[in-house]
Amino acid sequence: MDHPPTFIDVKPLRRFGLDKKTVPLIQHIQYFPNPHRVFTELDYFFRQTELMLKQTGTRALAMLRFANIAAREQAQGPGGFVVNKVTVVGSGFVGATVAQYVADKDLADVVVVDILEGIPQGKTLDMMQAAPINGHDCNLIGTNDYADTKNSDIVVITAGIARKPGMSRDDLLKINANIVKEVAEKTVKLSPDAIFICVTNPLDVMTYLTWKTTKLPTSRVIGMAGVLDSARFQAFIGMELGYSVEDIKAMVLGGHGDLMVPFPRFSSVNGVPITELMTPERIQALVARTRDGGAEIVSLLKSGSAYYAPGASVAHMVEAILKDKNRLLPCAVYADGEYGLKDVYVGLPAVLGREGMKKIVELKLTAEELAALKKSADSIKENVDQMNKLLVAV
Ligand code: APR
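First things first, this report covers the structure right here in the doc. (Residues numbered from 1 in each chain as written. Predicted model: local features only at pLDDT ≥ 70, side-chain atom pairs only at ≥ 80, totals over all residues.)

Notes on the pairing of strand β1 (residues 85–89)
The cut-off we apply is this: Three exposure classes are used, all based on how many other C-beta atoms lie within 10 Å of a residue's own C-beta (placed from the backbone): buried at 20 or more, exposed at 12 or fewer, and partly exposed between those limits. What counts as a helix is a DSSP run of H or I of at least four residues, what counts as a strand is a run of E of at least two, and both are numbered from the N terminus. In short, DSSP must find at least two bridges between two strands for them to pair. Assignment of crossover handedness uses the view with strands pointing away from the viewer, where a clockwise path from the first strand over the helix to the second indicates a right-handed crossover.
Of all five residues making up β1, five are buried, and the element is well covered by its neighbours. Because side chains alternate across β1, one face comprises the buried residues K85, T87 and V89, and the other comprises V86 and V88, equally buried. Sheet topology places β1 next to strand β2 (residues 109–113); five bridges connect them, and they run parallel. In the sheet register, V89 faces β2, and the bridge partner there is V113. Regarding topology, helix α5 (residues 93–104) serves as the crossover connection from β1 to the parallel β2, and that connection is right-handed. As paired strands, β1 and strand β4 (residues 154–157) are joined by four bridges and run parallel to one another. Among the inter-strand pairings, V89 is bridged to a residue of β4, identified as I157.

Structural notes on the packing of helix α8 (residues 203–214) against helix α13 (residues 367–390)
Rule in force here: Under this scheme, a helix contributes an axis fitted over its contacting stretch, all axes are lines through C-alpha atoms, and angles between N-to-C directions fall in the 0 to 180 degree range. Roughly parallel refers to an angle under 35 degrees, roughly antiparallel to one over 145, roughly perpendicular to one between 65 and 115, and oblique to any angle outside these ranges. In this scheme the handedness of a crossing depends on how the near helix is turned from the far one: anticlockwise by less than a right angle means left-handed, clockwise means right-handed. Placing C-beta atoms from the backbone, we regard two residues as in contact once those atoms come within 7 Å. Residues are grouped as follows: nonpolar covers Ala, Val, Leu, Ile, Met, Phe, Trp, Tyr, Cys and Pro; charged covers Asp, Glu, Lys and Arg; every other residue, Gly included, is treated as polar.
In the contact formed by α8 and α13, the axes pass within 9 Å of each other and the chain directions differ by 55°. Judged by the angle between their axes, α8 and α13 are oblique. Our pair here, α8 against α13, has a crossing hand that is right-handed. Every residue of α13 that contacts α8 at D204, V205, Y208 and L209 is listed here: I380, N383, V384 and M387. Taken together, the residues of the contact of α8 with α13 sort by class into six nonpolar, one polar and one charged.

Points about the environment of G135
Structurally, G135 can be placed in the loop between α6 (119–134) and β3 (140–143). Sequence spacing of G135 and D104 is 31 residues, and the spatial spacing of their C-alpha atoms is 7.6 Å.

Comments concerning the pairing of β4
Every second residue of β4 is oriented toward a common face, with I154 and V156 on one face and V155 and I157 on the other, all of them buried. Pairing between β4 and strand β5 (residues 195–198): four bridges, direction parallel. Looking at the pairing, V155 lines up with F196 of β5. For the crossover from β4 across helix α7 (residues 169–190) to β5, the handedness is right-handed.

Put into structure tokens, the structure is as follows:
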């Protein structure tokens, strides 16, 4: 996206309430070399943007966004940027893939932290050596020291273990809950303004635990699952119909597990509902394959589970947040009455932007769909209760 040299007339800015400090910064900027790097964590500028938006509409919004970049560059010297920072906890398959996609999309500097010595350092060094080829300037570091994660914009939690033969679901729940609790405590202390994305399984339960542990507003604790489950459904629809996956949209809600709820009627190929393009039997087959999407990969890999699509899904959410895109994405979010669900993290359609989860969108569902969603949420609640018993108290 190239922008021609731009001159900002500061008079209207002054009129709309920008203060003495900001106006001269904006005044000096006539050309914005890299508008991709929109750095938005300064709430201040956004408050100003909102003010202007109310008064003059979208043109002012666009202007002020450029001014925002300009002011930051100016404040830090020529070519200086405040780069976003993403911490990924866990340098295993999923964590490393998240780091790689976030950097390859040129979204942020990345800190990968793990208890294993050498693994995060080695993997991020390898990624740094891919950067000249992939063409980004994001800095990636691997570490065993949480101090390096300080002031992150986003914290992604992928630390945990996979279920091993002979291990019960409760064993896994207890081990991962202890890991996630420890990780959440350590990271939130150093990055109290961050938005948390939880990936560790059982995902909806771990997201609830992250929220409880960090004590952050629910808007800043989100679980990644709906994006992945929907991407799987999209991929299967694409394989079935032979159309470009770019044209395929799909919506999968509910918990990330056997009770996920794919919504064929909200799934389409460039606006054409898939119910017009496939028989109900074929749709049901794809729905079933989506539900078993993770298990199908586990059975092929024999050891370990999926990581490319999970990693890409997290990077997609990171992008929506850092670029304040207001994307409508299915994510594990805290339901406080929406869809008749209360006090549970479950996959619902939500708007993601710079403040995290901006709102849950309530779609009109049939009684049958609502029942499926409730069943899914009930099973998550049972797991949360079980986790609480195992942890004694969260
Ligand atoms: N602190 C930091 N890192 C930890 C901790 C801890 N307390 N405990 C474990 N880890 C690290 C491990 O050392 C390992 O590097 O978490 C990483 C997990 O990586 P993998 O075993 O490769 O697991 P992965 O496939 O990445 O999956 C991670 O995401 O999708 C989910 O179900 C999946 O819960 C699992 C998680």
